[in-house]
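Each chain is listed here by its residues.
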Amino acid sequence: ARQMLESAGEGAGERGRECKGEGERGREGETAAGEAHPLFEGTPEEAQALADKLIAWIQQETLDDAEAYLRQHEAELLTEQAAVVMQLLVRANPQNPAVRDHQGRLMRAREVGIAAMYAEIRQKRLLQALQQGKAGPIGAAVWRFVQADDAQAAALLQTESALLLSLDASDLLRQLAE
């Protein structure tokens, strides 16, 4: 079998570009004698195919693209064998935080499903944007509203009604509640 991970490809973005196989330590997914890795129950070629799909998932440019890719390959990637190959990728790429991050995503998707896992990521990112003031004036108003006690929230509804009663504010509140 060829090396499980080569350089992840030109022009694919920084997240996957640093992914590589074990190189001098031996081929990922194989032992020194060329047999499949003891934790992997398939052939080296099957391990390579899973690694290729996992790398392609890591290299997706947007969260929406990554979700679509994982949905498309759900039957192959939400398996124990894919989790084993992902562990091998993490070992081969300790310097690449995207690989470890996607390992956690893969585990979470196996636990709660793809849609729920990506909803959690989006909610976390939204909350961070609101907390850091990166969601604009409507986001700032929504964050103040969410943090307020009942009396303060009622006052904010009066003083910032133009922002808080907008459809954008409604969407932000809905996303936070999901």
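All values reported here derive from a predicted model rather than from experimental measurement.

A.B. asks: Help me understand the overall build of the protein in this model?
C.D. replies: Looking only at helices and strands, the protein has 11 helices and 0 strands in total. Its helices and strands taken in sequence order, the protein reads α-α-α-α-α-α-α-α-α-α-α from the N to the C terminus. Each of the 178 residues in the protein was classed as buried or not, and the buried ones make up 42%. In the protein, 62% of the contacts between residues at least 6 apart in sequence involve partners at least 24 apart. Roughly 9800 Å² of accessible area belongs to the protein as shown, and the carbon and sulfur atoms make up 52% of that amount.

A.B. asks: Whenever I open this one, the confidence of the model for the protein confuses me. Can you help?
C.D. replies: The predicted coordinates should not be examined in detail at positions where pLDDT is low. Looking at the protein as a whole, the pLDDT averages 80, with 79% of positions reaching at least 70. Low pLDDT, under 50, characterises residues 1-18; the predicted model gives this stretch 60 contacts beyond four residues in sequence or across chains. Counted against residues more than four places away or in other chains, residues 20-36, with its pLDDT under 50, gives 39 contacts.

A.B. asks: How should the side chain of Asn96 be read in this particular structure?
C.D. replies: Following the sequence through the fold, Asn96 ends up in the loop between helix 5 (80-92) and helix 6 (97-112). Since its relative accessible area comes to 5%, Asn96 is described here as buried. A polar side-chain atom of Asn96 sits 2.9 Å from the main-chain amide nitrogen of Ala98.

A.B. asks: Explanation requested: the packing of helix 3 (residues 63-72) against helix 7 (residues 114-131) in the structure shown.
C.D. replies: Helix-helix packing: each pair is described by the crossing angle between the helix axes and the interaxial distance. Where helix 3 meets helix 7, the closest approach of the two axes is 10 Å, and the angle between their N-to-C directions is 170°. Relative to helix 7, helix 3 is oriented roughly antiparallel. For the element pair helix 3 and helix 7, the recorded crossing hand is right-handed. Only Ile114, Ala115, Met117, Tyr118, Ile121, Arg122 and Arg125 of helix 7 make contact with helix 3, whose side of the interface consists of Leu63, Asp64, Ala66, Glu67, Leu70 and Arg71. For the contact of helix 3 with helix 7, a count of residues per class yields 8 nonpolar, no polar and 5 charged.

A.B. asks: Mind showing me how you'd approach the nonpolar core here?
C.D. replies: In summary, soluble globular proteins display a tendency toward joint burial of nonpolar side chains. Within the largest apolar cluster, 28 residues are counted, with the highest numbers of intra-cluster contacts made by Leu54, Trp57, Leu70, Leu77, Val85, Met86 and Tyr118. Looking at this core, the elements that each hand over two or more residues are helix 2 (44-58), helix 3, helix 5, helix 6 and helix 7. Ignoring anything within four residues of it in the chain, the contact list for Leu77 reads Leu50, Lys53, Leu54, Tyr69, Leu70, Ala82 and Leu106.

A.B. asks: Help me out: how do you make sense of helix 8 (residues 136-147) in this one?
C.D. replies: Two residues of an α-helix separated by three or four positions point the same way, owing to the 3.6 residues in each turn. Taking 1.5 Å as the rise per residue, helix 8 with 12 residues should run 16 Å; its terminal C-alpha atoms sit 17 Å apart, in good agreement. By the burial criterion, the buried members of helix 8 are Gly139, Ala141, Val142 and Trp143.

A.B. asks: In this structure, what is going on with the environment of Ile55? I would like to understand it.
C.D. replies: Locating Ile55 in the fold gives a position in helix 2. Judged by relative accessible area, which is 7%, Ile55 ranks as buried. As for Ile55 and Leu89, which are separated by 34 residues in sequence, their C-alpha atoms are 8.9 Å apart.

A.B. asks: Can you walk me through helix 3 in this structure?
C.D. replies: Every buried residue belonging to helix 3 is among Leu63, Ala66, Glu67, Tyr69 and Leu70, and all of these are buried. The buried residues of helix 3 occupy an angular sector of 165° when the element is viewed end-on, so they sit on one face. In helix 3, the exposed positions that point more than 90 degrees away from the buried face belong to Asp64 and Gln72. In this structure, the buried side of helix 3 is in contact with helix 2, helix 4 (74-77), helix 6 and helix 7.

Thresholds applied
By convention here, each chain's residues receive numbers from 1 onward along its written sequence. Selection of residues for local features in this predicted model requires a pLDDT of at least 70, selection of side-chain atom pairs for listing and counting requires 80 or more, and totals for whole chains, interfaces and linings are taken over all residues. Neither water nor hydrogens contribute to the side-chain values; these are computed over all heavy atoms in the structure. Secondary structure follows DSSP: runs of H or I at least 4 residues long count as helices, runs of E at least 2 residues long count as strands, and numbering of each begins at the N terminus. Note on exposure labels: buried denotes an accessible area under 20% of the residue type's maximum, exposed denotes more than 50%, and partly exposed covers the range between, all computed with a 1.4 Å probe on protein chains only. Between two residues, a contact is recorded if the distance between any of their heavy atoms is within 4.5 Å. With residues, only the protein chains shown are counted as cover, and all accessible areas are computed by Shrake-Rupley using a 1.4 Å probe. By definition, pLDDT measures how confident the predictor is in each residue, and it falls between 0 and 100. In protein, a polar contact requires one atom able to donate a hydrogen and another able to accept it; more generally it is a pair of N or O atoms within 3.5 Å, and residues adjacent in sequence count only if both atoms are side-chain atoms. The angle between two axes is taken between their N-to-C directions and runs from 0 to 180 degrees, where each axis is a line fitted to C-alpha atoms and a helix contributes only its stretch in contact. The labels follow the angle: roughly parallel below 35 degrees, roughly antiparallel above 145, roughly perpendicular from 65 to 115, and oblique for the rest. Note on convention: the crossing is left-handed when the near helix lies turned anticlockwise from the far helix by less than a right angle, right-handed when the turn is clockwise. Polar here means any residue other than Ala, Val, Leu, Ile, Met, Phe, Trp, Tyr, Cys and Pro, which are nonpolar, and Asp, Glu, Lys and Arg, which are charged; Gly is therefore polar. Residue types Ala, Val, Leu, Ile, Met, Phe, Trp, Tyr and Cys, when buried and joined through side-chain atoms within 4.5 Å, form a set referred to as a nonpolar core. Working rule for helices: expected span equals 1.5 Å times residues minus one. Working definition: the arc comes from the directions between the helix axis and the C-beta atoms, pointing outward to the latter.

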